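# Results of the structural survey
Residue-level listing of the chains:
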Amino acid sequence: GHGRVAVELDSSAGVAVMKMENLPVNSLSLDFLTEFLISLEKLENDRGCRGVILTSGAPKIFSAGLDIMEMYRKSTEHYAEFWKTVQEMWLRLYQSNMVTIAAINGSSPAGGCLMAMCCDYRIMAENPKYSIGLNETQLGIVAPFWFKDTMVNTIGNRATERSLELGLLYSPPEAHKIGLVDQLVPEEKIQSTAAAVMSQWLAIPDHARQITKSMMRKPTVDRLLAHRESDIQNFVSFITKDAIQKSLHMYMEMLKQRRG
Ligand code: CO8
């Protein structure tokens, strides 16, 4: 399929808006991640684009995180391919040369929170119905070390330890308080605020900012690059365990029942 990532480039500002439109909840399926990577790569190679605002076209949801169906009753080959693509998304987004701003206009659990944390700056709509966090342990699964590293780099060690062990999903004010998001705004102001923040960041010379970003993030990236293959093997052997498949099944049933 096509058109699950809508890209609008404002050439005069040098800023693109990347709107995720994998309805209903922007779950990160293999197909969606592949399309996302192609769109990001195009912008990365476009000299006319210096900044990206990442946001959602799905009502009330930024992204529901990794597509659970990609982790359930599939072949080991499929799991390996899926995980490699998740790694690739993180590597590309976390190391982007562009200024990346997340305009979090909905809930953002797990992989959705990871995507937001990859950005240089996070603005969240102050809607009490939205939440954000790495809730993996609530599904009976464990966030990989590079999810953990990304969170440590964002909110520090202690807040990460507590967040990860309890699988906490934070309301916007809580997320702001611990620094998981940088700014809260009324929902209708989120795009204009993102554009205003973007112009502040773009006032800094690209070269100096890019080298600084790389200096901050490279050690974290290098850790995954050094263990990329074993991280894939870990994921495959973890996700194929009966107990884990059972946990995912129960979690999906819980989601269904919650809906009534
Ligand atoms: N993957 C696949 N399908 C999903 C997902 C998902 N992550 N989330 C929701 N859906 C589906 C629902 O099952 C439902 O499908 P259907 O209509 O066919 O029954 C549809 O999307 C709509 O969902 P809801 O009715 O629940 O919509 P709501 O608006 O009420 O709620 C939420 C939206 C808040 C996103 C809610 O669906 C939710 O909480 N989803 C689960 C989010 C979550 O926990 N994601 C974690 C995924 S794991 C991850 O990202 C990192 C894993 C790291 C792996 C490490 C292993 C080693």
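None of these values were measured; they are calculated from a predicted model. (Residues numbered from 1 in each chain as written. Predicted model: local features only at pLDDT ≥ 70, side-chain atom pairs only at ≥ 80, totals over all residues. Heavy atoms only, no water.)

The subject of this paragraph is the layout of surface pockets. One number sums up the size of the largest pocket: a volume of about 1400 Å³. Listed by contribution, the elements that provide at least two residues to the lining of the largest pocket are α4 (145-155), α9 (228-239) and α10 (242-259). Counting residues per element, the lining of the largest pocket draws most heavily on α10, at 7 residues. Here the second largest pocket is characterised by a volume of approximately 190 Å³. Lining of the second largest pocket is provided by Y94, M117, C119, D120, R122, T150, N153, T154, G179, D182, M216 and R217. Secondary-structure elements contributing two or more residues to the lining of the second largest pocket are α4 and α8 (206-226). If you tally residues by element for the lining of the second largest pocket, the top one is α4, at 3 residues. (1 Å grid on protein atoms, 1.4 Å probe; cavity = no way out; pocket = protein on both sides within 12 Å on 5 of 7 lines; lining within 4 Å. Points joined across faces, edges and corners; volume = space filled by probe spheres on them. Helix = DSSP H or I, 4+ residues; strand = E, 2+ residues; numbered from the N terminus.)

For the rest of this paragraph, the subject is the environment of P109. Here P109 is to be found in strand β5 (residues 108-109). Here P109 is in contact with S63, A64, G65, S131, G133, N135 and L169, once residues within four sequence places are set aside. (Contact = heavy atoms within 4.5 Å.)

With that settled, consider unusual backbone geometry. A cis amide bond links L23 with the next residue in sequence, P24, at an omega value of 10°. In this fold, P24 is placed in the loop between β2 (15-20) and α1 (30-44). With a phi angle near 55°, N26 is a residue other than glycine that sits in the positive phi range. Residue placement: N26 occurs in the loop between β2 and α1. The buried category is assigned to N26, whose relative accessible area is 0%. Here A110, not a glycine, exhibits a phi torsion of approximately 45°, which is positive. Judged by its relative accessible area of 13%, A110 falls in the buried class. (Buried < 20%, exposed > 50% of the residue type's maximum accessible area, 1.4 Å probe, protein only.)

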